[in-house]
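Analysis of the macromolecular model
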Amino acid sequence: MSSASDPTNPQVQWLEITEANNEQRLDNFLIFYLKGVPKTRIYRMVRKGEVRVNKGRTDVSYKLQIGDIVRIPPVRVADKKDEVIVQPTLKFSLENHILYEDDGFIVLNKPAGFAVHGGSGVSSGVIEGLRQIRPQQKFLELVHRLDKETSGCLLIAKKRSVLKVLHELFRGDGIQKTYLALLAGQFQRKKQVVDVPLLKNVAQGGERMVIVSQAGKAAETLFTRLKQYQDATLVHAAPKTGRTHQIRVHAAWLGHPIVADDRYGEDETNKMFKKRGYKRLFLHAEQLQFAHPLTGKPLHFFAPLPSDLQQLIDHEKPL
């Protein structure tokens, strides 16, 4: 994207679309470019024809093409002092947790305790941190999400074309995800598929939850037992679908919630494990397998279990 003026100055701007924004919806492009401008104002600008593409009126759903010229009317946006502040600890973690990188994408071993993006009371997250430590990289977008307390493999696209292909792989069965989880209690079966549907954003006691419900969307997770301990079981959890909190809710439905899961676990069980040092959700995105979006080459990425979790299970007594 090239610009004829400074976006902090309220004057007409003419922006030429480059590969970085090819195929992006107009509304998403404007929301990103006009940070600090209310979405209602942005949609009104498009509806009234103040925003134009190639001198013509268009709809917010229009997908931008390379070479398009976007007219943006005079509108004041957030200036530099309003930029998000990223914790130095997050920046350091990001620099030291990249598992793989090429021209198309990054595979990050996401550290636990950081949201993948800002919002909902969180000022900044992984994607904002990456953008700050890579200011020269014009395009960086999350391909998928991990919960704040979940560590492990996270994909970030460096090109819109790559993001599109990876999204298609996620929507189908082109990406195999494998998580390590420590479940409370003794999980007796070697393998078990859970395919109960999940309904999200159900308020329970003031907290938004995901619940098992026939009114929800189809969800499937394969649990494979790896090692049994006296009162816990280490498993691989392989979700075929990507519903919010899927592994956590399916594990709880089995009667074996993930250790230290404050939302879906059992209070007394969590207290017992926390006394032994389990201070955060024992869920780790260990592996990703998929074909390279540009070359088709089979790829397999592995993120080792963080040392804090490894030390905890090393002290558990196996059966």
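Residues numbered from 1 in each chain as written. Predicted model: local features only at pLDDT ≥ 70, side-chain atom pairs only at ≥ 80, totals over all residues. Heavy atoms only, no water.

1. A few points about the overall build of the protein
For the record, the criterion: Secondary structure counts use DSSP, requiring at least four H or I residues in a row for a helix and at least two E residues in a row for a strand, with both numbered from the N terminus. Using a 1.4 Å probe on the protein chains alone, a residue whose accessible area is under 20% of its type maximum counts as buried, one over 50% counts as exposed, and one in between counts as partly exposed. Between two residues, a contact is recorded if the distance between any of their heavy atoms is within 4.5 Å. Reported accessibility uses the Shrake-Rupley method at a 1.4 Å probe radius. Residues are deemed covered only where the shown protein chains occlude them.
Each helix and strand counted, the protein has eight helices and 16 strands in total. Each principal axis of the C-alpha atoms in the protein carries an extent, and together these give about 70 × 45 × 35 Å. Counting every position in the protein, which comprises 319 residues, the buried fraction comes to 46%. For the protein, the proportion of contacts with a sequence separation of at least 24, taken over those separated by at least 6, is 62%. Summed over all atoms, the accessible surface of the protein reaches about 16500 Å², with 50% contributed by carbon and sulfur.

2. What to know about the environment of valine 126
Inspection of the secondary structure puts valine 126 in helix H4 (residues 126-133). C-alpha separation for the pair valine 126 and phenylalanine 114, spaced 12 residues apart in sequence, amounts to 6.8 Å.

3. Focus on the environment of valine 193
On the secondary structure map, valine 193 appears in strand E10 (residues 191-194). Accessibility expressed as a relative area gives 47% for valine 193, which makes it partly exposed. Between the alpha carbons of valine 193 and lysine 158 there is a distance of 35 Å; along the sequence they are 35 residues apart. Non-local contacts of valine 193, meaning those with residues more than four positions away in its chain, are made with Glu220, Thr221 and Leu222.

4. A closer look at the packing of helix H3 (residues 88-95) against H4
Definition in use: Think of each axis as a best-fit line through the C-alpha atoms, taken over the contacting stretch in the case of a helix, with angles from 0 to 180 degrees between the N-to-C directions. Every angle not falling under 35 degrees, over 145, or within 65 to 115 is termed oblique; those three ranges are roughly parallel, roughly antiparallel and roughly perpendicular.
It is at 9 Å that the axes of H3 and H4 come closest, and there the two elements cross at 75°. As summarised for this structure, H3 and H4 are arranged roughly perpendicular, according to the angle between their axes. Contacts from Leu90, Lys91, Leu94 and Glu95 of H3 reach H4 at Val126, Gly129, Leu130, Gln132 and Ile133.

5. Examining the pairing of strand E15 (residues 283-291)
Quick reminder of the rule: Whether two strands pair comes down to DSSP finding at least two bridges between them.
In terms of burial, E15 is a largely internal element, seven of the nine residues being buried. Bridge count for strand E8 (residues 151-157) against E15 is two bridges, and the pairing is parallel. Note on E15: the bridge partner recorded for serine 151 is histidine 284. Alignment of strand E9 (residues 176-184) against E15, held across six bridges, turns out to be antiparallel. Bridge pairing in E15 places tyrosine 179 opposite alanine 285. Relative to strand E16 (residues 298-302), E15 is paired through five bridges, and the arrangement is antiparallel. The residue bridging glutamine 287 from the neighbouring strand is phenylalanine 302, located in E16. Adjacent in sequence and paired antiparallel, E15 and E16 are bridged by six residues, among which glycine 296 carries a positive phi angle near 80°.

6. Digging into the side chain of threonine 269
We apply this condition: As used in this structure description, the phrase polar contact means that two N or O atoms lie within 3.5 Å; if the pair is within protein, one of them must be able to donate a hydrogen and the other to accept it, and residues adjacent in sequence are counted only when both atoms belong to side chains.
Here threonine 269 shows up in helix H7 (residues 267-275). A distance of 3.1 Å separates polar atoms of two side chains, one belonging to threonine 269 and the other to glutamate 266.

7. Side note on the packing of helix H1 (residues 26-33) against helix H2 (residues 39-47)
Keep this limit in mind: The hand of a helix crossing depends on one turn: near helix anticlockwise from the far one by less than a right angle means left-handed, and clockwise means right-handed. Note on residue categories: nonpolar means Ala, Val, Leu, Ile, Met, Phe, Trp, Tyr, Cys or Pro, charged means Asp, Glu, Lys or Arg, and polar means any other residue, Gly included.
Where H1 meets H2, the closest approach of the two axes is 10 Å, and the angle between their N-to-C directions is 130°. Classified by the angle between their axes, H1 and H2 sit oblique to one another. By crossing handedness, the relation of H1 to H2 is classed as right-handed. Across from Leu26, Asp27, Leu30 and Ile31 in H1, the residues of H2 making contact are Lys39, Ile42, Tyr43 and Val46. Considering only residue class, the contact of H1 with H2 consists of six nonpolar, no polar and two charged.

8. Let's talk about the nonpolar core
Short version of the rule: Definition used in this section: a nonpolar core is a set of buried Ala, Val, Leu, Ile, Met, Phe, Trp, Tyr and Cys residues joined via side-chain atoms within 4.5 Å.
Grouped together as the largest cluster of nonpolar side chains are 47 residues, with contacts concentrated most on Ile156, Leu182, Phe223, Ile258, Tyr278 and Phe282. The leading source of residues in this core is E9, at six residues. Among residues more than four places away in sequence, those in contact with leucine 182 are Tyr229, Ala232, Thr233, Leu234, Pro257, Ile258, Val259, Tyr278, Phe282 and Ile313. With 19 residues, the next largest nonpolar core counts Phe139, Ala157, Leu163 and Leu166 among its residues.

9. Considerations on the side chain of asparagine 270
Structurally, the position occupied by asparagine 270 is in helix H7. With a relative accessible area of 5%, asparagine 270 lands in the buried category. Of note is the side chain of asparagine 270, whose polar atom sits 3.0 Å from the backbone oxygen of aspartate 261.

10. Quick word on helix H8 (residues 307-314)
Inclusion rule: Working note: the arc is built from the helix axis to C-beta atom directions.
Every buried residue of H8 is accounted for by Leu309, Leu312 and Ile313. Seen end-on, H8 carries its buried residues on one side only, within an arc spanning 90°. Residues of H8 that are exposed and angled more than 90 degrees away from the buried face: Ser307 and Asp314. Its buried side turned inward, H8 meets E9 and strand E14 (232-239).

11. A look at the confidence of the model for the protein
Condition: Note on scores: pLDDT gives the predictor's confidence for each residue, bounded by 0 and 100.
Per-residue confidence for the protein gives a mean pLDDT of 89; residues scoring 70 or more make up 92%. Note that pLDDT drops below 50 for residues 4-8; the model gives that stretch 14 contacts with residues more than four away or on any other chain.

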